[in-house]
Amino acid sequence: MTTNENTGLNNLFNRMLTVGGIACIVGLIALVVLGFLNGFADVWRGYLTAYIFWWGLAMGCLAVLMIHHLSGGRWGFIMRRPLEAGAMVLVVMALAFVPIIVAVMTGNASLYEWLDAKKIAEDPLITYKVTTTGYLLPLNWTIRAVVVFALWIGLAYLLYSTSRAQDTAPDGNFTLANRMRTISGIGIPVYIVTMTMVGVDWYMSIDPHWFSAIYGVLFIVGQGLTTFACIIILLSMLTNHYPFSKVVDKNRLDEYGKLMLAFVVLWAYVNYGQYVIIWSGNIPEFTPWFVRRFAPGWQAITVILVLFHFALPFALLLSRLLKRNLRMLAAVAGLILLMRMLENFWIVAPEYTGIEFYGSSIVGMLVTYLAAFAFLGGLWCMGFAWFVRQQPVLPENDLRNDPRAMKGQVAHA
Amino acid sequence: MSVPMYGLMAEFQSPEQLVHATEAAYKAGYRRMDAYSPFPIEEVSEAMHFHDDLLRRIVLVAAISGLITALVLQVLGSAIDYPLNIGGRPLLDWPAFIPITFELTILFSGFAAVISVVVLNGLPQPYHPVFNAPNFDRASIDRFFLCIEANDPKFERTATRTFLEGLHPMNVSEVDQ
């Protein structure tokens, strides 16, 4: 890799660092100012909401990377380095989780009502979950969070460093490729189990009275969708630059489009699955979650999500022509990313407000949430731009998936 | 010549050569041709300008029929012919209709796709002339074939043969009808 070949890419990553830095600083200042103006409750809640999105993107990168190592294929080869960098952003996201841990350890009840001493004493269910079983004791909650971050970062780092070793050594016997495959084979179940646990710990426990078995799956599917939408948008930025201009063609775009379509359908499937089960049962323990989301105000967001998170992208992505046109595909991916942010908002915010919509304070609240998105998004971009530059932008010596290594064979991946 | 000719078959060693040959043949004006390879090569259908979305249309029609069938059956069954009060829910309770609607849409499309693939490909077909070409069994192992058919308006025995030989195949052979 000579430098002059990569000046385009370097400029792109430099811009990402600058934009990320600005978003991060502006977001942080806005959060502090808004906190002093309107109180810090919304700042914490906005932070936790934005955290699902950006931490979820890093987790999605790790998950998609592991799926690629297990399944193979050229789609993953092209995006392996960005995915590895995205997974390593978990280090940054772990640091960004420290404020939430501090809030829980200091008993900040605007984040979780099970931190409120009065409710622990008076609400029998919260008493049971906090005092009797100890599951929601702040220390136990924190230990679980630290353990899962250690597992995820461990997986991300093993894949990242093995991939790096493969760059410098000819991997004729597939030793390193098989090692990454083994790590991923162990990593996928770890990812799924920890994601269910974290979904319960970090987000479902906002309303400790409600539970749903599919909740963790909503996170897993959402992260996959966010990741594919981001991959497509990133691809639209990378594709004009060497070496991506050499390896990206319409067949790859088609593959990314199909994978994104699959996740759009899966998202609708699991959400509808949860809805129809709760609707059929019609039991007071389960219905509040949907009662809040069908209340005036929230209902509009629910309808927007059904139409623009599922129906419209689904209809558009059926078209083969659209999937082979990078600009149109990137536009759909952009719509999906916006909807992902709205969905994350829809998952968290009604848990705090109940059936009340925010009413007159809605503008202040939205700005706070947006500032939190900007702050964490800026951190994400800076972390990504830093990690992605530590290695060549395309993996070397990947004999299984590199089109350059398969002389005499046309694409049939 | 007692047996009429089906076409001229050129045998290639690599998929790139096949793609290149197909592009050249299309450029030279040949239209009635077909390529045979051990695995699908999208570039070949692009080189032949092969557009056929009949299957897609059939599947779309089948999917919409499945969707309508499911909705009509459920509305007739639970709201009109046998209205039953279940848990105090409205008779037209659409959330309950969705699973069946989804399943029938998929079922109809699946059947339509499988049956159409068999029928549109003219299967079962016990005899096809291309198998008369020497070495043709390797089309499902490691060789790549391009056949220009005799009923192409531009087809002319010696000229077409010279054209194919100009593409550097391993060999060119006449295929009997």
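What follows deals with the overall build of chain A. From N to C terminus, chain A includes 16 helices and zero strands. Taken over C-alpha atoms, the radius of gyration comes to 22 Å for chain A, in line with the 22 Å a tight globule of 413 residues would show. For chain A, the spread of C-alpha atoms along the principal axes amounts to about 70 × 40 × 40 Å. Each of the 413 residues in chain A was classed as buried or not, and the buried ones make up 55%. Relative to all contacts within chain A whose residues are 6 or more apart in sequence, the contacts with residues 24 or more apart total 82%. Taking the average location of the 27 positive side-chain charges in chain A and that of its 21 negative ones, the two points are 10 Å from each other.

On a plain count of helices and strands, chain B comes out with five helices and four strands. The C-alpha atoms of chain B give a radius of gyration of 25 Å, which is well past the 16 Å a tight globule of 177 residues would have. By principal-axis analysis of the C-alpha atoms, chain B measures approximately 80 × 35 × 30 Å. For chain B, with 177 residues in total, the buried portion stands at 34%. Long-range contacts, defined here as pairs at least 24 residues apart, represent 79% of the contacts in chain B between residues at least 6 apart. Accessible surface computed for chain B: about 10800 Å², of which carbon and sulfur atoms make up 64%. Charged side chains in chain B number 11 positive and 20 negative. The centres of these two groups are separated by 4 Å.

Membership of the largest hydrophobic core comes to 137 residues, with the highest contact counts inside it found for Tyr51(A), Trp55(A), Trp152(A), Trp202(A), Tyr203(A) and Met260(A). Sort the elements by how many residues they give to this core and helix α2 (residues 41-71) of chain A lands first, with 18 residues. The next biggest cluster of nonpolar side chains, apart from the first, holds 22 residues, and it includes Ala10(B), Met33(B), Leu146(B) and Phe155(B).

Here we take up the pattern of salt bridges. Considering all chains together, one arrives at 23 salt bridges over all chains under this definition. For Arg144(A), the salt bridge is made with Asp201(A), and the minimal N-O distance between the two is 2.6 Å. Taken together, the residues span a long stretch of sequence, with Arg144(A) in helix α7 (residues 138-168) and Asp201(A) in helix α8 (residues 175-203) at a distance of 57 residues. Linking Arg143(B) and Glu11(B) is a salt bridge whose minimum nitrogen-to-oxygen distance equals 3.0 Å. Separated by 132 residues along the polypeptide, Arg143(B) in the loop between α4 (94-120) and β3 (144-149) and Glu11(B) in strand β1 (residues 5-12) bring together distant segments of the chain. Side by side, Arg143(B) and Glu11(B) carry an identical accessibility label, which is buried.

What follows deals with the interface of chain B and chain A. Each partner contributes to the interface: chain B provides 15 residues, whereas chain A provides 15 residues. Here chain B packs against chain A, burying approximately 1300 Å² in sum over the two surfaces, 58% of which is carbon and sulfur. Area buried by chain B at its contact with chain A is led by Glu42(B), Arg89(B) and Pro95(B), which between them contribute 36% of it. Our enumeration of links across chain B and chain A arrives at three salt bridges.

Another aspect to go through is the confidence of the model for chain B. Low pLDDT marks regions whose predicted coordinates should not be analysed in detail. Averaged over all residues, the pLDDT of chain B is 86; the fraction at 70 or higher stands at 98%. Two summary scores accompany this predicted model of the complex, namely pTM at 0.85 and ipTM at 0.71.

The linkage connecting Leu123(B) with the following residue, Pro124(B), adopts the cis geometry, with an omega of 0 degrees. Take Pro124(B): it is sitting in the loop between α4 and β3. Its identity is not glycine, yet Asn282(A) carries a phi of approximately 55 degrees, on the positive side.

Turning to the pairing of β3(B), a few remarks are in order. Regular strands have side chains that alternate between both faces of the sheet. Residues and elements named next belong to chain B. Across the six residues that make up β3, a large majority, six, are buried. Because side chains alternate across β3, one face comprises the buried residues Phe-144, Leu-146 and Ile-148, and the other comprises Phe-145, Cys-147 and Glu-149, equally buried. Where β1 meets β3, six bridges bridge the pair, whose relative direction is antiparallel. Within β3, the residue paired with Phe-12 across the bridge is Phe-144. With four bridges connecting them, strand β2 (residues 33-36) and β3 associate as antiparallel partners. Across the sheet, residue Asp-34 finds its bridge partner in β3, namely Cys-147.

Before going further, it helps to examine the packing of α2(A) against helix α16 (residues 362-388) of chain A. Running from N to C, α2(A) and α16(A) point in directions that differ by 35 degrees, and their axes come no closer than 8 Å. The two elements α2(A) and α16(A) cross, and the hand of that crossing is right-handed.

Next up on the list: the sheet that holds β2(B). All names here are of chain B. Reading across from one edge, β2-β3-β1-β4 is the order of the four strands in this open sheet, with antiparallel pairing throughout. This sheet does not close on itself; its edge strands, each paired only once, are β2 and β4 (171-176). Pairwise comparison of adjacent strand axes, ignoring direction, gives a mean angle of 20 degrees for this sheet. Pairing between β1 and β4: six bridges, direction antiparallel. Counted as the bridge partner of Met-9 is Ser-173 from β4. Packing of helix α1 (residues 15-27) onto the sheet brings it into contact with β1, β2 and β3, and relative to β3 it is tilted by some 15 degrees. Packing of helix α5 (residues 157-165) onto the sheet brings it into contact with β1, β3 and β4, and relative to β1 it is tilted by some 10 degrees.

All names here are of chain A. The terminal C-alpha atoms of helix α4 (residues 90-105), which comprises 16 residues, lie 22 Å apart, in line with the 22 Å expected from a rise of 1.5 Å per residue. A maximum bend of about 25 degrees is found in α4 at Val-98, where proline Pro-99 lies one to four positions downstream. Along α4, the positions that sit buried rather than exposed are Leu-90, Val-92, Met-93, Ala-94, Ala-96, Phe-97, Ile-100, Ile-101, Ala-103 and Val-104. In this structure, the buried residues of α4 make contact with α2, α3 (74-88), α7, α8 and α16. Once α4 ends, the next one or two residues include Gly-107, with phi positive near 75 degrees.

Evaluation of the coordinates by the stated rule reveals 42 aromatic pairs over all chains. Their ring planes at 80 degrees and their centres at 5.1 Å tell us that Tyr36(B) and Phe136(B) sit as a pair that is edge-to-face. Here the residue Tyr36(B) occupies a position in strand β2, and Phe136(B) occupies one in the loop between α4 and β3, the gap between them amounting to 100 residues. An aromatic cluster is defined as three or more aromatic residues linked by ring pairs; in this entry it consists of Tyr51(A), Trp55(A), Phe97(A), Tyr112(A), Trp114(A), Trp141(A), Phe149(A), Trp152(A) and Trp202(A). Against the face of Trp279(A) rests Arg89(B), its NZ or CZ located 4.7 Å from the ring centre. In this structure, Lys154(B) packs its charged tip against the face of Tyr30(B), placed 5.5 Å from the ring centre.

All names here are of chain B. A cluster of nonpolar side chains, contributed by Leu-60, Ile-64, Leu-67, Ile-68, Leu-71, Val-72, Leu-76 and Ile-80, occupies part of the molecular surface with about 680 Å² of accessible area. Topologically, Ile-64 is positioned in helix α3 (residues 54-81). Taking the relative accessible area as the measure of exposure, Ile-64 reaches 45% and is therefore partly exposed.

Now for the domain arrangement of chain B. Along its sequence, chain B is organised into domain 1 (5-51 + 128-176) and domain 2 (53-120). Centre-to-centre separation of domain 1 of chain B and domain 2 of chain B, based on C-alpha positions: 44 Å.

Cut-offs applied
- Residues numbered from 1 in each chain as written.
- Chains lettered and ligands numbered in written order.
- Predicted model: local features only at pLDDT ≥ 70, side-chain atom pairs only at ≥ 80, totals over all residues.
- Heavy atoms only, no water.
- Helix = DSSP H or I, 4+ residues; strand = E, 2+ residues; numbered from the N terminus.
- Rg over C-alpha atoms; globule rule 2.2 N^0.38 Å.
- Buried < 20%, exposed > 50% of the residue type's maximum accessible area, 1.4 Å probe, protein only.
- Contact = heavy atoms within 4.5 Å.
- Lys, Arg positive; Asp, Glu negative; His and termini not counted.
- Charge placed at Lys NZ, Arg CZ, Asp CG, Glu CD.
- Areas by Shrake-Rupley, 256 points an atom, 1.4 Å probe, with all protein chains shown as cover.
- Core = buried A, V, L, I, M, F, W, Y, C linked by side-chain atoms within 4.5 Å.
- Salt bridge = Lys/Arg side-chain N within 4 Å of Asp/Glu carboxyl O.
- Buried area = accessible area lost by both parts, 1.4 Å probe.
- pLDDT = per-residue confidence, 0-100.
- Pairing = 2+ DSSP bridges.
- Axes fitted to C-alpha atoms, helices over the stretch in contact; angles between N-to-C directions.
- Left-handed = near helix turned anticlockwise from the far one by under 90°.
- Expected span 1.5 Å × (residues − 1).
- Bend = angle between axes of the 7 residues up to and from the residue.
- Phe/Tyr/Trp six-rings, centres within 6.5 Å; stacked < 30°, edge-to-face > 60°.
- Lys NZ or Arg CZ within 6 Å of the ring centre and 35° of its normal.
- Patch = residues over 30% accessible without salt bridge, like charges linked within 9 Å, V, L, I, M, F, W, Y side chains within 5 Å.
- Domains from an automatic or database assignment.

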